[in-house]
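What follows is each chain in one-letter form.
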Amino acid sequence: MEQYVISASSTARDLAPVMMCIHDLLGRLPVTARSRDHPGIRIEEGKVIDQAYTGPILEEVLAENTVKRVRPPTGPYRGIPVVVAPVRDGNGGAIGAIGIVDVTGIFDLAGFMEQNAGVRKQVCGEDPCPLPTESPAAKR
């Protein structure tokens, strides 16, 4: 019987089966992971891209033992929203980190609503657009 153990000294090979499962569960979103003691793995489009991967946010999460939702300043995901969470041992210490591209972070709802309000004002002026008695095509 095969067995996979995730520990502080797990290698990319140890992490690969679990990370490929997470990658598939998330609709093949890019995923990354590393253990505390070894570089890890980066998976995209169903393939292992890197078996000696580390990234600035994976390293920060390991050092700080906190979840981070950020846009990395460097690396292959520079400027793209990611979520990275620690894998913790029984005592709560960070022994690894797993990261995914945060598709929800790509959509800035507040910014979208502000932009939408500006467009509506340009198109409709100060009055509601369209008026309740008008069809949407009436204002075009």
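Note that the structure is predicted; figures quoted are calculated from it, not measured.

Quick notes on the rules
- Residues numbered from 1 in each chain as written.
- Predicted model: local features only at pLDDT ≥ 70, side-chain atom pairs only at ≥ 80, totals over all residues.
- Heavy atoms only, no water.
- Helix = DSSP H or I, 4+ residues; strand = E, 2+ residues; numbered from the N terminus.
- Buried < 20%, exposed > 50% of the residue type's maximum accessible area, 1.4 Å probe, protein only.
- Polar contact = N/O pair within 3.5 Å; in protein donor to acceptor, adjacent residues only side chain to side chain.
- Contact = heavy atoms within 4.5 Å.
- Expected span 1.5 Å × (residues − 1).
- Bend = angle between axes of the 7 residues up to and from the residue.
- Arc of directions from axis to C-beta.
- Core = buried A, V, L, I, M, F, W, Y, C linked by side-chain atoms within 4.5 Å.

*Asks:* Sorry, what's going on with the side chain of Ser 10 here?
*Replies:* Looking at the secondary structure, you find Ser 10 in the segment before helix 1 (12-25). According to the relative accessible area criterion, Ser 10 is buried, its value standing at 1%. Within polar-contact distance, the side chain of Ser 10 engages the backbone oxygen of Val 5 at 3.2 Å. Aside from chain neighbours lying at most four places away, what touches Ser 10 is Val 5, Leu 15, Ser 35 and His 38.

*Asks:* What should I look at first to understand helix 1 in this one?
*Replies:* Because an α-helix completes one turn every 3.6 residues, residues spaced three or four positions apart along the sequence face the same direction. Between the first and last C-alpha of helix 1 there are 19 Å, a value that for 14 residues agrees with the 20 Å anticipated at 1.5 Å per step. Bending of helix 1 peaks at approximately 30 degrees at the position of Val 18. Buried residues of helix 1: Ala 12, Leu 15, Met 19 and His 23, and no others. On the buried face of helix 1, the contacting elements are strand 1 (31-35), strand 2 (40-44), strand 3 (47-53) and strand 6 (94-101).

*Asks:* How should I be thinking about helix 2 (residues 56-64) in this particular structure?
*Replies:* Turning to helix 2, its buried residues are Ile 57, Leu 58, Val 61 and Leu 62. The buried residues of helix 2 all sit within an arc of 140 degrees when viewed along its axis, so they share a single face. As for helix 2, its buried residues are in contact with strand 1, strand 3, strand 4 (68-70), strand 5 (82-88) and strand 6. Immediately downstream of helix 2, the backbone of Asn 65 shows phi near 55 degrees, a positive value.

*Asks:* In this structure, what is going on with the nonpolar core? I would like to understand it.
*Replies:* Considering soluble globular proteins, one finds that nonpolar side chains tend to be buried as a cluster. Grouped together as the largest cluster of nonpolar side chains are 11 residues: Tyr 53, Ile 57, Leu 58, Val 61, Leu 62, Tyr 77, Val 82, Val 84, Ala 94, Ala 97 and Val 101. For this core, the secondary-structure elements that each account for two or more residues are helix 2, strand 5 and strand 6. Among the elements that make up this core, the one with the highest residue count is helix 2 (four residues). Those residues within four positions of Ala 94 in sequence are excluded, and the remaining contacts are Arg 36, Val 61, Leu 62, Asn 65, Pro 86, Val 87 and Arg 88. With seven residues, the next largest nonpolar core counts Leu 15, Met 19, Ile 41 and Ile 43 among its residues.

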